[in-house]
Amino acid sequence: MRLNYSRLVSKIARILTGARVNVIRQINHGHVLACWKIGREIVEFEQKGKKRGVYGERLIERLSKDMIQRFGRGFSPANLKMMRLLYQKFPIRQTVSDESKAILSWSHYCELLKIDDPASRSFYKQESVQNNWSVRELKRQINSMLFERLALSKDAKTIAKMARKGHVIEKPEDAIKDPYILEFLNLKEETYYTERQLEQALIDKLKYLLLELGKGFVLVARQKRITVSNRHYYIDLVFYNRLLKCFVLIDLKTGELDHSDIEQMNFYLNYFKGNEKIKGENDPIGLILCARKNSVFAKYVLGGLNNKIFASKYKLALPSEQKLKTTLKLSRDRGGCPIGFGGQSD
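The sections below set out a description of the structure shown in this document. Only a predicted model underlies this, so the values are computations on that prediction, with no experimental measurement involved. (Residues numbered from 1 in each chain as written. Predicted model: local features only at pLDDT ≥ 70, side-chain atom pairs only at ≥ 80, totals over all residues. Heavy atoms only, no water.)

**A word on unusual backbone geometry**
Note that the residue after Asp 178, namely Pro 179, is joined by a cis bond; omega there is 10°. The topology assignment puts Pro 179 in the loop between α8 (156-165) and β1 (180-181). Positive phi, close to 55°, is recorded for Met 145, a residue that is not glycine. Among the structural elements, Met 145 can be located in the loop between α6 (135-143) and α7 (146-151). At Lys 245, a residue that is not glycine, the phi angle is positive and equals roughly 55°. Inspection of the secondary structure assignment puts Lys 245 in the loop between β3 (231-241) and β4 (246-256). (Helix = DSSP H or I, 4+ residues; strand = E, 2+ residues; numbered from the N terminus.)

Given below as structure tokens:
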């Protein structure tokens with residue numbers, strides 16, 4: 001009786017939770033769609049008004065006063081301008097209403113509308129819907145320039161696909177960023193940290209680390225011990241990626257990438273292939289997160305390996321937008337070869 005009653009309570013709780021989520025989705029959908037329609041009315045009125053000379057800031061100011069008088073808050077000049085911009089940037093109604101996995105709120109769209117580049121704006125919208133990002137998570141990804149970082153090593157065709165579909169992970173290279181931005185740790189760049197301190201800081205902020213790693217990552221272990229010939233070795237962080245169907249081993253290095261780091265990771269991967277990988281899984285991949293990396297050196301030391309090993313720099317602060325744009329341009333000029341930014345250059 002007690003067991004059946006517990007099931008009854010659980011089922012009712014699920015029904016109520018689902019209903020509340022659905023109500024929130026519908027409210028968000030209705031609010032955004034109303035804002036889009038208001039923006040359309042303003043734009044169409046202004047376009048007609050241009051012929052009569054009645055449009056512009058005076059219209060927005062007047063409309064704001066009248067709407068606030070009738071409906072209260074929410075119709076400031078700034079908000080009305082955002083509604084107008086929503087219609088201008090998303091002129092097809094379906095783009096603000098066809099969100100199958102999540103309904104973005106008006107606050108989400110306010111952040112998206114701050115992005116000038118159409119490809120970047122489309123990418124962040126797709127990612128917000130697919131990953132159910134909160135407004136805070138969306139702002140963090142925009143500020144950390146996720147799209148630009150992913151685009152560093154991509155060709156024009158792949159970048160265009162990212163803009164349409166978001167970050168699609170089909171092979172190990174798709175899941176890797178360079179650099180990784182760890183500003184959420186609140187660690188000072190000019191201060192020295194041990195690898196153990198960096199690891200602990202990452203575990204303490206696991207939610208944000210998973211957001212930075214991207215889609216499909218699940219933490220399996222930290223300081224994973226493996227034993228070979230009665231000798232113990234420890235892998236800093238072990239993740240599993242559900243999309244790639246493989247383990248992802250991460251080694252943290254607070255110094256510059258060295259060939260010994262590659263050899264060590266190669267050893268770890270060989271062990272996992274022989275002892276941890278099961279039928280149906282793909283080969284594990286390795287990621288070495290280092291403070292500094294010479295790209296020419298990395299190219300030669302990583303070339304020709306049977307195992308998939310990647311080396312990426314990490315940054316403890318958000319990059320300069322101008323610096324990243326310059327790096328992106330240089331990368332494209334060099335044929336799409338990722339060269340990183342900040343720290344040591346080639």
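**Observations concerning a nonpolar patch on the surface**
A cluster of nonpolar residues, Tyr 5, Leu 8, Val 9, Ile 12 and Leu 16, forms a patch on the protein surface that exposes about 470 Å² of accessible area. Residue placement: Leu 16 occurs in helix α1 (residues 2-52). A relative accessible area of 45% places Leu 16 in the partly exposed class. (Patch = residues over 30% accessible without salt bridge, like charges linked within 9 Å, V, L, I, M, F, W, Y side chains within 5 Å. Areas by Shrake-Rupley, 256 points an atom, 1.4 Å probe, with all protein chains shown as cover. Salt bridge = Lys/Arg side-chain N within 4 Å of Asp/Glu carboxyl O. Buried < 20%, exposed > 50% of the residue type's maximum accessible area, 1.4 Å probe, protein only.)

**Brief notes about helix α2 (residues 57-71)**
Its 15 residues give α2 an end-to-end C-alpha distance of 21 Å, which sits within 8% of 21 Å, the value for a rise of 1.5 Å per residue. After α2 finishes, the residue Gly 72 shows a positive phi value of roughly 85°. (Expected span 1.5 Å × (residues − 1).)

**Observations regarding the pattern of salt bridges**
One pass over the structure, following the stated rule, counts 16 salt bridges. Close ionic contact of Arg 140 with Glu 212 constitutes a salt bridge, the shortest N to O distance being 2.6 Å. Of this pair, Arg 140 sits in helix α6 while Glu 212 sits in helix α10 (residues 206-213); the two residues are 72 residues apart in sequence, bridging distant segments of the chain. Using a relative accessible area of 1% as the deciding quantity, one classes Glu 212 as buried. The partner of Asp 251 in a salt bridge is Lys 253, and the shortest N-O contact between them spans 3.7 Å.

Any link to function would need more than the numbers given here.
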